[in-house]
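Here's the letter readout for the chains.
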Amino acid sequence: MLERIRQTAHFLTSIQSIEPKIGIILGTGLGGLIKEIKPIKVIDYDQIPDFPVSTVEGHHGKLIFGTINDIPIMAMQGRFHYYEGYTMQQVTFPVRVMKMMGIETLIVSNATGGLNPDFKVGDIMIITDHINMFGTNPLLGKNIAALGPRFPDMSQAYDKKLITKALEIADRNNIEVKQGVYLGTSGPTFETPSEYKLFRIMGADVVGMSTVPEVIVARHMNMTCFGVSIVTDSGVPGQIVEITHEEVQQVAAEQEPKMTKIISELIAQIRN
Ligand code: HPA
């Protein structure tokens, strides 16, 4: 695996001229950030050796190299979900490649069902911690010591300094944000009412089908992580209604400008 990561990183370094410092996974709700990127090179996933190809509706498979507020970044337009049938190693391969290219900070976004009764549909939540309920872990198997330790620490997976900065940015721009715990599960089913209830009892504020694998792998390699969720539907007892992927996309799209504002300002403040 190490060799494949190296080869892909080398390929991506050779086809463009910038040295990105920040990797962004443009999950649901962050599509609008594309407009903030001054592109230098865009490449389809299927042109990249060893990259999986995205299949889910509403996600496009492109890697974008460019700058946001003059900071060199690499953005994934479209991520790989475990529910699509990829292995955990495939889902997290791009994060491995990012680190190999010298990227030290990972920024992710996602759509979620709200579990905290204080949250409402449309809320933005800065992720303070996560719970892995995928029933698996991308680090299972032989550890590659060159990438990270056998037993990675997860005591502060989401960077406190970036959380503080994001809260300041939100405050300054009069954007209301919540903070809380993201629970990641495989999907593709949305939760039954009993599952939503269970996840709330477990200590989660929102539930979604991504992010946890990527952040585990990023932390394995000691990358700094920041994540933000949009509450696109409610898993709070009494508020649960039938939902569709289209509705999730719709709510997320409405919140895009706020997400874009927070993340683009946050990037301007990251200099490493
Ligand atoms: N559950 C899991 N994933 C989700 C949800 C949900 O309710 N909404 C958007 N992604």
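It should be noted that the structure appears before, not after, this text.
All of the points below concern the structure found in this document. Every value quoted in this text rests on a predicted model; they were computed, and no experiment measured them.

### A few points about the overall build of the protein
Counting its regular elements, the protein contains six helices and nine strands. On C-alpha atoms alone, the protein measures out to a radius of gyration of 17 Å, which is about the 19 Å that the 2.2 N^0.38 rule sets for 272 residues. The dimensions of the protein, computed from C-alpha atoms along their principal axes, are 55 × 40 × 35 Å. Out of the 272 residues in the protein, the part that is buried amounts to 55%. Counting contacts in the protein only where the partners sit at least 6 residues apart, residues at least 24 apart contribute 82% of the total. Charge-centre separation for the protein: the mean point of 24 positive side chains lies 8 Å from the mean point of 29 negative side chains.

### Focus on the pattern of salt bridges
Overall, the coordinates contain ten salt bridges when judged by the stated rule. Residue K99 is joined to E104 by a salt bridge in which the shortest nitrogen-to-oxygen separation is 3.3 Å. Note on E104: relative accessible area 33%, which makes it partly exposed. We note a salt bridge from K178 to E176, for which the minimum N-O separation is 2.8 Å. Given the relative accessible area of 16%, K178 is considered buried.

### Topic: the site of the ligand
As a structural note, the neighbourhood of the ligand is formed by A111, T112, G113, F190, E191, Y196, V207, G208, M209, T232, D233 and V248. Between the ligand and Y196, the relevant distance is 2.6 Å, taken from an oxygen atom to a side-chain nitrogen or oxygen of the residue. T232 is positioned such that a nitrogen or oxygen atom in its side chain is 3.5 Å from a nitrogen atom of the ligand. Protein burial of the ligand: of its 260 Å² of free accessible surface, 96% is covered by the chains. For the shell around the ligand, the secondary-structure elements that each account for two or more residues are β5 (105-114), β8 (206-208) and β9 (224-234). Class assignment for the residues of the shell around the ligand results in six nonpolar, four polar and two charged.

### Comments concerning the side chain of H130
In this structure, H130 sits in strand β6 (residues 124-133). The residues touching H130, leaving out its near neighbours within four places in the chain, are M154, Y158, V181, Y182, V212, V215 and I216.

### Overview of the packing of helix α3 (residues 160-172) against helix α6 (residues 245-269)
α6 packs onto α3 with a crossing angle of 125 degrees between their chain directions and a minimal axis gap of 9 Å. One element, α3, and the other, α6, form an angle in the oblique class. Relative to α6, the crossing made by α3 is right-handed. Between α3, through L162, K165, A166, I169, A170 and R172, and α6, the contact on the second element is made entirely by K261, I262, E265, L266 and Q269.

### Considerations on the packing of helix α2 (residues 88-100) against helix α5 (residues 212-220)
One can describe the packing of α2 onto α5 by two numbers: an axis separation of 9 Å at closest approach and a directional angle of 50 degrees. Taken together, the axes of α2 and α5 are oblique relative to one another. In the crossing of α2 with α5, the sense of the turn from one axis to the other is right-handed. Mapping the contact onto sequence places M88, V91, T92, V95 and R96 in α2 and P213, E214, V217, A218 and H220 in α5. Counted by class, the contact of α2 with α5 contains six nonpolar, two polar and two charged residues.

### Quick look at the packing of aromatic side chains
Counted by the stated rule, this structure contains six aromatic pairs. With centroids separated by 6.1 Å and ring planes inclined at 75 degrees, the aromatic side chains of F51 and F80 adopt a geometry described as edge-to-face. In this pair, F51 sits in the loop between β2 (38-44) and β3 (62-68) while F80 sits in the loop between β4 (71-77) and α2, placing the two residues 29 residues apart along the sequence. On the basis of relative accessibility, which here comes to 7%, the residue F51 falls in the buried class. Accessibility expressed as a relative area gives 2% for F80, which makes it buried. When the centroid spacing of 6.2 Å and the interplanar angle of 75 degrees are considered together, the rings of F51 and F93 count as edge-to-face. Within this pair, whereas F51 is found in the loop between β2 and β3, its partner F93 is found in helix α2, the two being separated by 42 residues in sequence. Comparing F51 with F93 shows no difference in burial state: the two are buried.

Procedures and definitions
Residues numbered from 1 in each chain as written. Predicted model: local features only at pLDDT ≥ 70, side-chain atom pairs only at ≥ 80, totals over all residues. Heavy atoms only, no water. Helix = DSSP H or I, 4+ residues; strand = E, 2+ residues; numbered from the N terminus. Rg over C-alpha atoms; globule rule 2.2 N^0.38 Å. Buried < 20%, exposed > 50% of the residue type's maximum accessible area, 1.4 Å probe, protein only. Contact = heavy atoms within 4.5 Å. Lys, Arg positive; Asp, Glu negative; His and termini not counted. Charge placed at Lys NZ, Arg CZ, Asp CG, Glu CD. Salt bridge = Lys/Arg side-chain N within 4 Å of Asp/Glu carboxyl O. Near = heavy atom within 4 Å. Polar contact = N/O pair within 3.5 Å; in protein donor to acceptor, adjacent residues only side chain to side chain. Areas by Shrake-Rupley, 256 points an atom, 1.4 Å probe, with all protein chains shown as cover. Nonpolar A, V, L, I, M, F, W, Y, C, P; charged D, E, K, R; others polar. Axes fitted to C-alpha atoms, helices over the stretch in contact; angles between N-to-C directions. Parallel < 35°, antiparallel > 145°, perpendicular 65-115°, else oblique. Left-handed = near helix turned anticlockwise from the far one by under 90°. Phe/Tyr/Trp six-rings, centres within 6.5 Å; stacked < 30°, edge-to-face > 60°.

Geometric descriptors of this kind do not, in isolation, establish any biological role.
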